[in-house]
Amino acid sequence: MSIRVYLWLKMALPDVIEIVPLDKPVRAEITVPGSKSITNRALILAALADGEVTLTGALWSEDTQIMVECLQKLGFEIRVENDPAEFCNRNITVRGLGGTILPQGGTGTIEKPRELFVGNAGTAARFLSAFVCLGDGVYRLSGVPRMHERPQAALFQALRELGYRVESENGNDKLPVRIYGRDAVSASQNVSKKVRGGDTPSLPKKCRVSIEESSQFASALLLCAKVGNWEVEVVGENAEESPYVAMTSKLMEAFPNNGGVFQIEPDASSGSYFWAAGLITGSIQMDLPYLPPSKPNISSNWTNIAKNIFVKCWPNTGWQIDERFEEFRLVGSLLHDFQTISKRLGELEKLGKGDEEKVRTVIGPEVINSSKGEVSRCRDLGDSIMTAIAVAPVTHWAGKRGFIKFTDLGRLRVQESERVVALRTELTKCGAKVVEEGDTLTVWPSPLHGAEIETYNDHRMAMCFAILGLKVPGIKIENPACVKKTFPNFFQKLAAAPPRGLGAEIWGIKDGQRTRKLSGEDLFAD
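Residues numbered from 1 in each chain as written. Predicted model: local features only at pLDDT ≥ 70, side-chain atom pairs only at ≥ 80, totals over all residues. Heavy atoms only, no water.

Asks: Explanation requested: the packing of helix α10 (residues 268-280) against helix α16 (residues 459-469) in the structure shown.
Replies: In a pair of packed helices, the angle between the axes and the distance between the axes together describe the arrangement. Contact geometry of α10 with α16 gives a least axis separation of 9 Å together with a crossing angle of 15°. In terms of orientation, α10 lies roughly parallel with respect to α16. For α10 against α16, the interelement crossing comes out right-handed. The residues of α16 that touch α10, namely those facing Ser269, Tyr273, Ala276, Ala277 and Ile280, are Arg460, Met463, Cys464, Ile467 and Leu468. Of the residues in the contact of α10 with α16, the class split is 8 nonpolar, 1 polar and 1 charged. (Axes fitted to C-alpha atoms, helices over the stretch in contact; angles between N-to-C directions. Helix = DSSP H or I, 4+ residues; strand = E, 2+ residues; numbered from the N terminus. Parallel < 35°, antiparallel > 145°, perpendicular 65-115°, else oblique. Left-handed = near helix turned anticlockwise from the far one by under 90°. Contact = heavy atoms within 4.5 Å. Nonpolar A, V, L, I, M, F, W, Y, C, P; charged D, E, K, R; others polar.)

Have a look at this one:
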């Protein structure tokens, strides 16, 4: 039997698995796949480029494969090659058409629109909705039932302001949707204008888009704005400082629009799981109140504490808000005060090593006592805030206040699952004290016990609670294969022997009982 056939016959991940806690600190250097957010943005920009662009280190998971398949249906030539550095990455080469869309088999019609299936990939659904407006013909975008529940209204309204015809099939401004490209809109306007005997008016080119529900609405429009000649005004919650809108703008500035090579960063959200694992399993040494002793040059690299679990090639461009998690795991809710702390420490550094004790005993407690004990989904962390919430009961983050608040969580409610309720429900199931008030979760340090975790078909729920299982005995994960959305080899990295993995023991579960210990290919989610 060939190796290829054998891999196809391998056993799939069981419906339920159990994570066994680590019994000792681990020394490991983990690689994580490329950023989903950057990969799907870069795929759109590559398709719009004049010439061939190769994306190196691109994530190869359910969400990015959906984007690639949709672009191929839209007529783009795409070549996918393995990345020797990371199994779930690929080097993806896209032949850009300079803003032209040439669907396979011709453009869609009203009777038979060009079908694009986006699964539950929010980036694909939003980015492609704007992208197909640059083409001709009629397009129909649909996904899984959960994707049909997720918000799209602000984006659809902005596209209408630009002059495009956008028809939600259920009349609720959500998917499924039919979008009419340039020629379909122009033809309609020609007919109506000829009746009045005038010339065809030009399409409106300005729009406003609110990011109250999702910043992806703005990113979708901005990615296509240059080719479409659109002027996009972004409004809504934290519009001027939205980290994901900023990512889009910075990515557009750096992208090789005339062809070339573009490196995708590792996914900081995916890396957060391993930083958290190092914290809660004792694979990191630290002295409260969060400031390490014997570090006179603390302001320049104050997070350089002895670490045994390390995420390789950690991004430092500032494109991903979740790259802050490396700092957050040390300082908790003080993350927002990091610049203030660094400034104060810098001032003390100038006074010499004699003030090292003051750095530890005065500055740290001073900032800790003045902190509100809050971590914001808008200001401090992105999706990695879910990692923080899941492990918060077994960390030091509560400090002297006795609790930590996670605020501005509204957008979590309209993502892959109703994540605020899901996190509260599953943590409570494990014995944690968690209170939900509006869009805030307050978490107290708590003695936890095992439980069977419902993942709501949400990849991040599965990964967050799997990490908690490295500390808390008896954590069982339902539907673990849902991690295929962004991190198909996540469980393989938990189980692999150090230093490339954490060496965790993972068991298949049936009828509440362990069946067999899982390893290697059995742990890959596909």
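From this point, the discussion proceeds with the structure in view.
Asks: Would you mind showing me how to read the sheet that holds strand β18 (residues 451-453) here?
Replies: The strands that make up a sheet are held in pairs by hydrogen bonds between backbone atoms, and each pair lies either parallel or antiparallel. As summarised here, the arrangement of the 5 strands in space is β18-β19-β1-β20-β21, forming an open sheet in which the pairing is mixed. The outermost strands of the open sheet, each flanked by one partner alone, are β18 and β21 (513-517). Pairwise comparison of adjacent strand axes, ignoring direction, gives a mean angle of 35° for this sheet. With 5 bridges joining them, strand β1 (residues 16-20) and strand β20 (residues 505-510) adopt antiparallel strand pairing. If you follow Ile19 over to β20, its bridge partner there is Ile506. Contacting β1, β18 and β19 (475-478), α16 crosses the sheet at an angle of about 160° to β19. (Pairing = 2+ DSSP bridges.)

Asks: Quick question: what am I supposed to make of the sheet that holds strand β14 (residues 374-376) here?
Replies: Ordered by their spatial adjacency, 4 strands build an open sheet running β14-β15-β17-β16, and the pairing between neighbours is mixed. Looking at which strands have only one partner, the edges of the open sheet turn out to be β14 and β16 (434-437). With direction set aside, neighbouring strand axes in the sheet form an average angle of 20°. Here β14 runs beside strand β15 (residues 404-407); their pairing, made up of 3 bridges, is parallel. Looking across to β15, one finds that Glu374 is bridged to Lys405. Helix α15 (residues 419-429) contacts β16 and β17 (440-443) of the sheet and is inclined by roughly 155° relative to β16.

Asks: What am I meant to see in the packing of aromatic side chains here?
Replies: Ring pairs (aromatic) are described by centroid distance and by the angle formed between their planes. Taken as a whole and judged by the stated rule, the model has 15 aromatic pairs. For the pair Phe255 and Phe262, a centre-to-centre distance of 5.1 Å together with 45° between the ring planes defines the contact as tilted. Residue Phe255 shares its accessibility class with Phe262, and that shared class is buried. Taking 5.6 Å as the distance between ring centres and 45° as the angle between the ring planes, the aromatic pair formed by Phe325 and Phe328 counts as tilted. (Phe/Tyr/Trp six-rings, centres within 6.5 Å; stacked < 30°, edge-to-face > 60°. Buried < 20%, exposed > 50% of the residue type's maximum accessible area, 1.4 Å probe, protein only.)

Asks: Can you help me understand helix α6 (residues 153-161) in this one?
Replies: Helical geometry: 3.6 residues make up each α-helical turn, so side chains three or four residues apart lie on a common side. Three or more residues of α6 are buried, namely Ala154, Leu155, Phe156, Ala158 and Leu159. If you follow the buried residues of α6, they end up packed against α4 (122-131), β8 (165-168), β9 (177-180), β10 (206-210) and α8 (216-228). Gly163 sits one or two positions beyond α6 and adopts a positive phi of about 105°.

Asks: Hey, could you run me through the pattern of salt bridges in this one?
Replies: One side chain can pair with another of opposite charge once the charged atoms of both are near each other. Taken as a whole, this structure holds 28 salt bridges when the rule is applied. Notably, a salt bridge pairs Glu86 with Lys493, separated by 3.0 Å at the nearest N-O pair. Taken as a pair, Glu86 in the loop between β4 (78-82) and β5 (89-97) and Lys493 in helix α17 (residues 490-495) lie far apart in primary sequence, 407 residues in all. The buried category is assigned to Glu86, whose relative accessible area is 4%. (Salt bridge = Lys/Arg side-chain N within 4 Å of Asp/Glu carboxyl O.)

Asks: Teacher, can you tell me more about the side chain of Thr54 here?
Replies: Locating Thr54 in the fold gives a position in strand β3 (residues 50-59). Thr54 sits in the buried class, given a relative accessible area of 19%. Among the polar contacts listed, one links the side chain of Thr54 to the side chain of Thr93, at a separation of 2.9 Å. In contact with Thr54, not counting residues within four places along its chain, are Ile92, Thr93, Gly260, Val261 and Phe262. (Polar contact = N/O pair within 3.5 Å; in protein donor to acceptor, adjacent residues only side chain to side chain.)

Asks: So what exactly am I meant to see when it comes to the pairing of β8 here?
Replies: The side chains of a regular strand alternate between both faces of the sheet. Residues of β8 alternate between two faces, with Val166 and Ser168 buried on one and Arg165 and Glu167 left unburied on the opposite face. Sheet topology places β8 next to β9; 4 bridges connect them, and they run antiparallel. Residue Val166 lies in a different strand from β9, and its bridge partner there is Ile179.

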